[in-house]
Structure formats: C-alpha cells, structure tokens
Protein chains: 2
Amino acid sequence: MDTRTGLPVVGMVGGGQLARMTHQAAIALGQSLRVLSVSPDDSAALVAADVRIGTHTDLAALREFAKGCDAVTFDHEHVPTGHIATLAAEGVKIYPGADAIVFAQDKQRMRERLSELGAPVPRWRPVSTAADIADFAAEVAAARRSDKARVSDKTNNSGTGSDKASGSGSGKDSGSGGEQTGWPVVAKAVRGGYDGRGVWMLPDAAAAEELVATGTPLIVEERVPLQRELAALVARSPFGQVAAYPVVETVQRDGICVEVLAPAPGLSEERALEAQQLAIDLANALGVVGLLAVELFETPAGLVVNELAMRPHNSGHWTIEGSRTSQFEQHLRAVLDYPMGETSLTAPAVVMANVLGGPPGGMPIDERLHHLFAADPGVRVHLYGKQVRPGRKIGHVTVLGDDMASVRARAVRAARRLQEGE
Amino acid sequence: MDTRTGLPVVGMVGGGQLARMTHQAAIALGQSLRVLSVSPDDSAALVAADVRIGTHTDLAALREFAKGCDAVTFDHEHVPTGHIATLAAEGVKIYPGADAIVFAQDKQRMRERLSELGAPVPRWRPVSTAADIADFAAEVAAARRSDKARVSDKTNNSGTGSDKASGSGSGKDSGSGGEQTGWPVVAKAVRGGYDGRGVWMLPDAAAAEELVATGTPLIVEERVPLQRELAALVARSPFGQVAAYPVVETVQRDGICVEVLAPAPGLSEERALEAQQLAIDLANALGVVGLLAVELFETPAGLVVNELAMRPHNSGHWTIEGSRTSQFEQHLRAVLDYPMGETSLTAPAVVMANVLGGPPGGMPIDERLHHLFAADPGVRVHLYGKQVRPGRKIGHVTVLGDDMASVRARAVRAARRLQEGE
C-alpha cells in the first residue's frame, strides 16, 4: 500500500512496452507502477516514477523489489519459476504463480498439460534426435492417410473441405505434398522463443539433422492446415472471476504479429464462444491469475491451440481504445483481486497494427508522426520510446470505425507511415 | 528532443492532476512529460519519471526547467506573465504565451478584451468601493426595466420568456425581486479564484461593504438568468489550426463542477455551432496556443461567456474515453505544433462526474474502489493519487452509453460510491 495515496502498489518485473502501457493504466487507478528494469533506458523505465534497476534472474533483486508491493507480476515470461515459488513461499503475492507460468515458459510442459486436459492441440512430440523427427513425420503421414480414408468413407457433401494452407505464423509456406509425407514439420525450442524466434519449419530430414545439431531442446508439431490465426484473451482473479474479451484475428508476417482485427471478421458466434470457453477453461485449469492469451489456429477441423501467454499480450493492445476496459487495467485488476472490468467493444470494428522499425536512415520518427497526424487525425498512436531498429516493435496504431475493411486499410497505412516515413 | 527516443520533451509547470493525465497522454506519443512540481507528493510527481522540484513563481527554477524542453506549458494559470514573457524572449517555446494567458489570469482584463471583441458578456464593471457596487446594481436595475419595457412593446407571443433563474454556478440562489433592484450582484476577485473561490453573491449593499473591506481587487457582474452552464473546448496550434470538441453541459454545485454531460443534452445544432465558433474566434483573437475552455451561461437571451481557461480543463476530462482524441493529447499536439486530432464522440452519451473527498473516516479508498468495480464493471475510474480531504477533487469517473439519463445516473452513483463509500 502506498501510504501517500492509500492505494496499492503493483510491481512489474521487466521494463518493456507492456510495463510501459500497464503504467498508463495504473495511473488511472490512482497507482504508480513499480518497474524492475534491466536498463534505465528501457521503454517503461523512461516513463515510470518508481523504477528499480535489476535483472529478473537475480533472486535477491526480486526479493528487494517485492518489498512493499501488494502484488508482483511480469512484463515477460523469463523469470525462473524457482524464484517465483520462493517469493510466493515468503508471502509475496506474485502472479501468475510458478505452477501456472511454467506452461507459458515451457512448450513441452504446455503441450503435455493441454493434451491431458483434452484441449485441441496439433499432433506433437518431444524429440532429441533427427530420427525422432523423421519418425514423427512418418506418423503424421500415416495418421493423415487414415483420416482421409475415414473422410472418404463418409458422404462427400460437406463442401468445406478446401484445406488451403495459409502461409502465416508457424505454419509458414510448405509447398505441396505435405499430406503424403508428413513433412514439413514445425520444430519449436522448448524454451525462450518469441516473435517467430525459436520456431523452424523443417522441410525434410536434412534440415532436422541440422537443427538437432545445435543442441536446442525441441518439440515437433504437425503443420496444421490453418485458415487463419485467432486469439482469445481472458483475465482471471485469485477469487476466480474470469472475464473474456471478444475473440480476435491475428495476422502474422515472418512469425511476428502485424495486425489484430477485433472482432475476428466473419467468426461464427458458435466458434467465438468455443474459443472463449476454451480460454476460460484453460485459465481455470492452469490456475492463471492475470491475463491469459490463447493463440489459436482456425483449421477446417476446428480450433487448435498454438501458444499460451500469461501477461498483457500483443493481441490485446487494441483493447486500450477498443474495449471498455483495457487489457492493462484488467491485468492490474486481476492481480489485485479487484472485480474484473467490462470487456465489450467500443466500436463495431477495431484494428491494431504493429509499427516495426524500418530501414535505417530516412525521416526522423517525430517527423513521421507529424505526417501521420496530418494524414489521419483519427488514428490512435502508441510509441514505446524505443530506439528504431529494423524489425523491432517500436509502437502500434489503433483505428476504430464501423467498417472492418476500411478500418483495416487505415491502420495498415498508418503503421506503414510510421515505419517507412512515406 | 529526447536523444534516447528521438521524440520531443514537453515540460509542464505544476504537478496536479492535469499534469498527471497529460503524462498518460505523453506516454502514448512516445514521450515522458517533464513536470515542475512544488512537492514530490503532488499528483503528477507520483507517476512521472522526469520530475523537477520547484515553484512556478521562481524565474531561475523555470529557466532551469525549460532547458532541453521542446515546449513548456502549464497545469495551472498561476505563472507570472512576466516570467513567461522573459522565457519566451530567451527562446523558450512556452504556450500559451503571456499575451494570451493574462486573459485567463485576470478577470478584469478578460472582461475588457471580450467586450472589445464584441463577445457576449454579462453587464460588468471594475469596482473599488461599496458605492461603486451599489451604483452598478442600480444601473442593472435600470437596464432591466428598459429591457422589459422594450419587450412589452413587442407582441407578447414568443412563449419562451420563462426566465427561471437556475441556482448553479456563480449565479447562486438569489431569492426573487432581482429584476426590480439589480441585487444580488456577482463579485469576483480579479485574480486567483477557482472552483467557486473568489466568487461572491452579494445580496445587498451591506454585503458589498463587507467584501470591499477585505481589500481584494474586484469586478462585479450582473447575475444572469442562466438556464444552465455549457463549455466549449478548442485547441489551437502555433500554425493556427483549431480543433473544436462537441459542446458540453457542466453541472455545478457550490461553485464546483460536479458533472459534465457530453454532448450537452437538447442543445440545438445552431446553438452548438455558435458556441464552437465563439470559442474558435476567441482562441484566434487571443492568440491561444494549446487548449482554451470557454465556460458559458445559456440564458433566454443567448450565450454569455463566464470564464476562460487555457489548459486541460475539468469540462474536458470526458474526452479521455469519450472523444477520439483526449484533451490531454490534444494539448500536447497543440503546443508541439503537431496536427490536431479528431474530436468526435466515441459514444452517443458520455458523462463525467467528479469525485470529491468525502467526510473523514469510513471505508478506505481502495475498498471503495473494489465495491464500485463490483457494482459497475463498465465505469471508467481516474484517481489522482491525492490525500482525501473533504471537498477536494480526488478523481473522476466516466460512463459511456446510448442513453444520457441512464449514463448520467450511473456516473453520479459511481462518483458517490467513491466519495461516500456506500
């Protein structure tokens, strides 16, 4: 409790843009976010009043940081679960807990637990050798042949069998013939991947050999015939209240989320409810406190869980203006065990587009912003105060309106203006 | 320019809630507001990263503060115009300039200038003695008799002559008989009044005598038969671009704004445009850079200007969620000479209600907030991190929806919950 205000203190480990935007939300609640930042120049450290410098792997630093916090939470998923468990045992309210966050840190544990829970996952397997991967590809091929046989047995009148594999996300371009051979398979580092890093599309046994030789602990997954990617975002409090946001479509390029469309266009009410229920069930089953983002593949056979994140998530940035309660405020409410906020949309169509650092040189960012504001006075801009580096997420824009196609076009154009300065 | 980010630095003199909310807006623009605060416990100083401690009357402190700022602006109107002019002469971009802000500091200068410009003002006069005030009351009475005579000469069929004097704002309860005698008259301190302070309703000559004896420099104004109070908020950039917000109704109690209804219910399109045009004309004529709030009385005879403010204003807090661009971002855009943002409403009805400090004791503020969130998950809360003192503005709430009556009822209820803890 901050004795100056009578309001709680939340500490966030990590000083990135998620902490930066959480601080904005904290201000409205009468709080000031405490930030544990590696550098004083980190995104959140530039704007928060209560910044401690330290690393998230240093237990002593975490312990010191937690003193006087009503709750401690995370800007990323890299805090060792052992440290989280230690602090919790010492009485720190630290969310999500070690027993939950491990499923966002360790893809093998996540896949195991989701399989146990009966959640829809792609075929997958932990692997240690290239032979394991080849075996897996063979298994996938066999399973697909058997699936196909079963489908042929049924009457062929569904009309929805156009398994056009999209080229986005971890299901990158594969060429054709996958159904015959099981290749390509998707390999994922068990730990540490994000924004497309730690994910590899393996076209054949030779590529598998090469990857295994790096010594990275891996799982492999079947490449699912995804139609698009969705995300279901929920928040859960220690009391057990869960609030679900409208399901969104996420558009990826090179493994990085570039656009989020809210609500997911053309998604049936039934499918949307299914995705929300899945996220709610997972939040409950995994004991998540705070936000849980469930990244999903939409396939002809239904939804498949791709990844889990337990923190404010890129797929929820649109909520700052697009939902009655932003994901950042919702996360604070959850970890403080406040009642959850309303999650309804504030406009029929909301699109968030990430702003990535463009090529070096060219127009300074301030000038780009000036041009953007002149071109589109209604676009909402969020810059993270980061040095521009090619491909780095340096901000995002949000556009709200009535028509998804035009809203999306405006958002994409706005992001491009900030990115490329034209 | 902040070399770490390539984005500008705005300095705001004063560390109150306006600076606090401006910092939130600055974060989205990639900036971090620099705050000159009297105390480290001031509302904005609790949440901003770049806080300098100093007073706004200290030229040396202002000069030091302005170093490295791309623009300097104000959380309040108490910086001496001499200091502002000095800094401007030294090359500081400081907005609004001394020549403009004087009209928000000095009510006599404001009334003189508005009269020159032909803007609608109540009958008024600077006074130094109780006899001056009695003379003014007599003049008002004579003028009203002559107005009445003129009206009687015309055919009496307009049907809109119900000059029911409202009891709010500076036109507090007067009893009856004002039209015969000119009393009560409204006395205002030439400088330094706000939130009902520095405004007195004088019922008679004895009260005038008593007030004059305090030595406060005064003007007096006719008590206009106001139907309600409105506010027109505009922003103007050095380039001369002006953006106008929808006109709102402000509801006062004991001289303090308690509710703001956006858009002003039942206001004709014609009257709304008139109010916006008036504010735009004044912003241009006075050379305002940044926000200009024009507080208006709506009377049977038309609009009358009550007060001017040149900074983010209580009548614009609703814009954080209720307009596409918040007044705080708009003010930053204006003083940085960025193009102005869109001002359209995000919902058909938006109501802001101020949260005043309640009686001492009772439920702690954090617990009140918990109860409010449980009762109304859709209300937006802004707490300023201030110690609770009776009558002090400690925060505000905003509710958005389709129906003004129900939106207003929710906002009032929410504010009361935070205020009284029931």
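As a reminder, the structure under discussion sits directly above these lines.
Not measured: the values here are computed from a predicted model.

## Brief notes about the overall build of chain A
The helix and strand inventory of chain A stands at 13 helices and 17 strands. Scaling as 2.2 N^0.38, a compact globule of 422 residues should have a C-alpha radius of gyration of about 22 Å, and chain A matches this with 22 Å. Overall, chain A is about 70 × 55 × 45 Å in size when its C-alpha atoms are taken along their principal axes. The buried share of chain A, reckoned over its 422 residues, is 59%. Of the contacts formed within chain A by residues at least 6 apart in sequence, a portion of 65% connects residues at least 24 apart. Surface exposure of chain A reaches about 16,100 Å², of which carbon and sulfur atoms provide 50%. For chain A, the separation between the mean place of its 42 positive charges and that of its 50 negative charges on side chains is 2 Å.

## A closer look at the relation of the copies chain B and chain A
With an RMSD of 0.1 Å, chain B superimposes on chain A once it is rotated by 180° and translated 0.0 Å along the axis. Taken together, these values place the two copies in the relation of a two-fold axis. Among all C-alpha atoms of chain B, that of Ala49 of chain B lies closest to the rotation axis, at 2.1 Å. Counting the interface residues of chain B, we find that 100% of their copies in chain A are interface residues as well, pointing to one common contact surface.

## Things to note about the sheet that holds strand β2 (residues 34-37) of chain A
Residues and elements named next belong to chain A. What the four strands build is an open sheet, ordered β3-β2-β1-β4; its pairing is parallel. Two strands lie at the open edges of the sheet, namely β3 (50-53) and β4 (71-74), each paired on one side alone. Direction aside, the axes of adjacent strands within the sheet are offset by 25° on average. In the sheet, β2 pairs with β3 via four bridges, with the strands oriented parallel. Each bridged residue has a counterpart across the sheet, and for Val35 the counterpart in β3 is Val51.

## Section: the sheet that holds strand β7 (residues 199-202) of chain A
All names here are of chain A. In spatial order, the strands read β5-β8-β6-β7; together these four strands make up an open sheet with antiparallel pairing. Since the sheet does not close on itself, it has two edges, and those belong to β5 (124-127) and β7, each with one partner. With strand direction ignored, the average angle separating the axes of adjacent strands in the sheet is 25°. Pairing of β5 with strand β8 (residues 218-222), which is carried by four bridges, proceeds in the antiparallel orientation. Bridge pairing in β8 links Arg125 to Val220. Against the sheet, helix α5 (residues 107-117) contacts β5, β6 (185-189) and β8, and its axis sits at roughly 145° relative to β5. Sheet strands in contact with helix α6 (residues 130-153) are β5, β6, β7 and β8, and its direction is about 165° off that of β5.

## Concerning the interface of chain B and chain A
How big an interface is tends to be stated in terms of accessible area lost as the parts join. Residue-level contacts link 49 residues of chain B with 49 residues of chain A. Interface of chain B and chain A: buried area, both sides summed, is about 4,200 Å²; carbon and sulfur atoms make up 55% of it. The interface formed by chain B and chain A includes four salt bridges. Among the salt bridges present, the one from Arg380 of chain A reaches Glu329 of chain B, with a minimum N-O distance of 2.5 Å. The interface formed by chain B and chain A includes 19 residue pairs in polar contact (both at pLDDT 80 or more). Elements with a minimum of two residues in the side of chain B that touches chain A: α1 (17-28), α11 (327-335), α12 (365-375) and β16 (380-383) of chain B.

## Brief notes about the packing of aromatic side chains
Geometrically, a pair of aromatic rings is defined through the distance of the ring centres and the angle of the planes. Under the counting rule described, the total for this entry stands at four aromatic pairs over all chains. Judged by centre distance (5.6 Å) and plane angle (70°), the ring pair of Phe373 of chain A and Tyr338 of chain B falls under edge-to-face. Here Phe373 of chain A is found in helix α12 (residues 365-375), whereas its partner Tyr338 of chain B is found in the loop between α11 and β15 (349-356) on a different chain. Ring centres 6.3 Å apart and planes at 80° place the aromatic pair Tyr245 of chain B and Trp318 of chain B in the edge-to-face group. Placement of the pair is Tyr245 of chain B in the loop between β10 (242-244) and β11 (248-253) and Trp318 of chain B in the loop between β14 (302-309) and α10 (319-322), with a sequence separation of 73 residues.

## A word on the pairing of strand β12 (residues 256-262) of chain A
For a regular strand, side-chain orientation follows a simple rule: the groups alternate between the two sheet faces. All names here are of chain A. Burial analysis of β12 places seven of its seven residues in the buried class, the great majority of the element. Relative to β12, strand β11 (residues 248-253) is paired through five bridges, and the arrangement is antiparallel. Within β12, the residue paired with Val251 across the bridge is Glu259. Where β11 hands over to β12, the hairpin turn is made up of two residues, of which Asp254 adopts a positive phi near 50°. Sheet topology note: the β12/strand β15 (residues 349-356) ladder contains four bridges and is antiparallel. Of the residues in β15, the one forming a bridge with Leu261 is Val351.

## Looking at the packing of α12 of chain A against helix α13 (residues 404-420) of chain A
Residues and elements named next belong to chain A. Between α12 and α13, whose axes approach to 8 Å, the crossing angle comes to 155°. Between α12 and α13, the angle falls in the class roughly antiparallel. When the axes of α12 and α13 are compared, the crossing they make is right-handed. Contacts from Ile365, Arg368, Leu369, Leu372 and Ala375 of α12 reach α13 at Ala414, Arg417, Leu418, Gln419 and Glu420. For the contact of α12 with α13, the residue count by class is six nonpolar, one polar and three charged.

## Some words on the packing of helix α3 (residues 81-89) of chain A against helix α4 (residues 98-105) of chain A
Residues and elements named next belong to chain A. Remark: α3 packs on α4, axes separated minimally by 9 Å, with the N-to-C direction vectors making an angle of 165°. As summarised for this structure, α3 and α4 are arranged roughly antiparallel, according to the angle between their axes. Where α3 crosses over α4, the two elements pack in a sense that is right-handed. Here Thr81, Ile84 and Ala85 of α3 come into contact with α4, specifically with Ala98, Ile101, Val102 and Gln105. Split into classes, the residues belonging to the contact of α3 with α4 amount to five nonpolar, two polar and no charged.

## Description of the pattern of salt bridges
A full pass over the atoms with the stated rule returns 52 salt bridges over all chains. Ionic pairing is found between Asp147 of chain B and Arg123 of chain B, a salt bridge with its closest N-O pair at 3.1 Å. Taken as a pair, Asp147 of chain B in helix α6 (residues 130-153) and Arg123 of chain B in the loop between α5 (107-117) and β5 (124-127) lie far apart in primary sequence, 24 residues in all. Each of the salt bridges in this network shares a partner with another, and the network as a whole consists of Lys107, Arg111, Lys188, Glu221 and Glu307 of chain A.

## As for the environment of Leu291 of chain A
Residue and element names in this part refer to chain A. Among the structural elements, Leu291 can be located in strand β13 (residues 290-299). For Leu291, a relative accessible area of 0% puts it in the buried group. It is 12 Å that separates the C-alpha atoms of Leu291 and Leu336, two residues lying 45 residues apart in sequence.

## Focus on helix α4 (residues 98-105) of chain B
Owing to its 3.6 residues per turn, the α-helix aligns residues three or four sequence positions apart on the same side. Residue and element names in this part refer to chain B. In terms of burial, α4 is a largely internal element, seven of the eight residues being buried. Taken together, the buried positions of α4 are Ala98, Ala100, Ile101, Val102, Phe103, Ala104 and Gln105. Residues of α4 that are buried in the fold lie against β4 (71-74), α3 (81-89), α5, α9 (269-286) and β14.

Basis of the calculations
- Residues numbered from 1 in each chain as written.
- Chains lettered and ligands numbered in written order.
- Predicted model: local features only at pLDDT ≥ 70, side-chain atom pairs only at ≥ 80, totals over all residues.
- Heavy atoms only, no water.
- Helix = DSSP H or I, 4+ residues; strand = E, 2+ residues; numbered from the N terminus.
- Rg over C-alpha atoms; globule rule 2.2 N^0.38 Å.
- Buried < 20%, exposed > 50% of the residue type's maximum accessible area, 1.4 Å probe, protein only.
- Contact = heavy atoms within 4.5 Å.
- Areas by Shrake-Rupley, 256 points an atom, 1.4 Å probe, with all protein chains shown as cover.
- Lys, Arg positive; Asp, Glu negative; His and termini not counted.
- Charge placed at Lys NZ, Arg CZ, Asp CG, Glu CD.
- Least-squares fit on C-alpha atoms with pLDDT ≥ 70 in both.
- Pairing = 2+ DSSP bridges.
- Axes fitted to C-alpha atoms, helices over the stretch in contact; angles between N-to-C directions.
- Buried area = accessible area lost by both parts, 1.4 Å probe.
- Salt bridge = Lys/Arg side-chain N within 4 Å of Asp/Glu carboxyl O.
- Polar contact = N/O pair within 3.5 Å; in protein donor to acceptor, adjacent residues only side chain to side chain.
- Phe/Tyr/Trp six-rings, centres within 6.5 Å; stacked < 30°, edge-to-face > 60°.
- Parallel < 35°, antiparallel > 145°, perpendicular 65-115°, else oblique.
- Left-handed = near helix turned anticlockwise from the far one by under 90°.
- Nonpolar A, V, L, I, M, F, W, Y, C, P; charged D, E, K, R; others polar.

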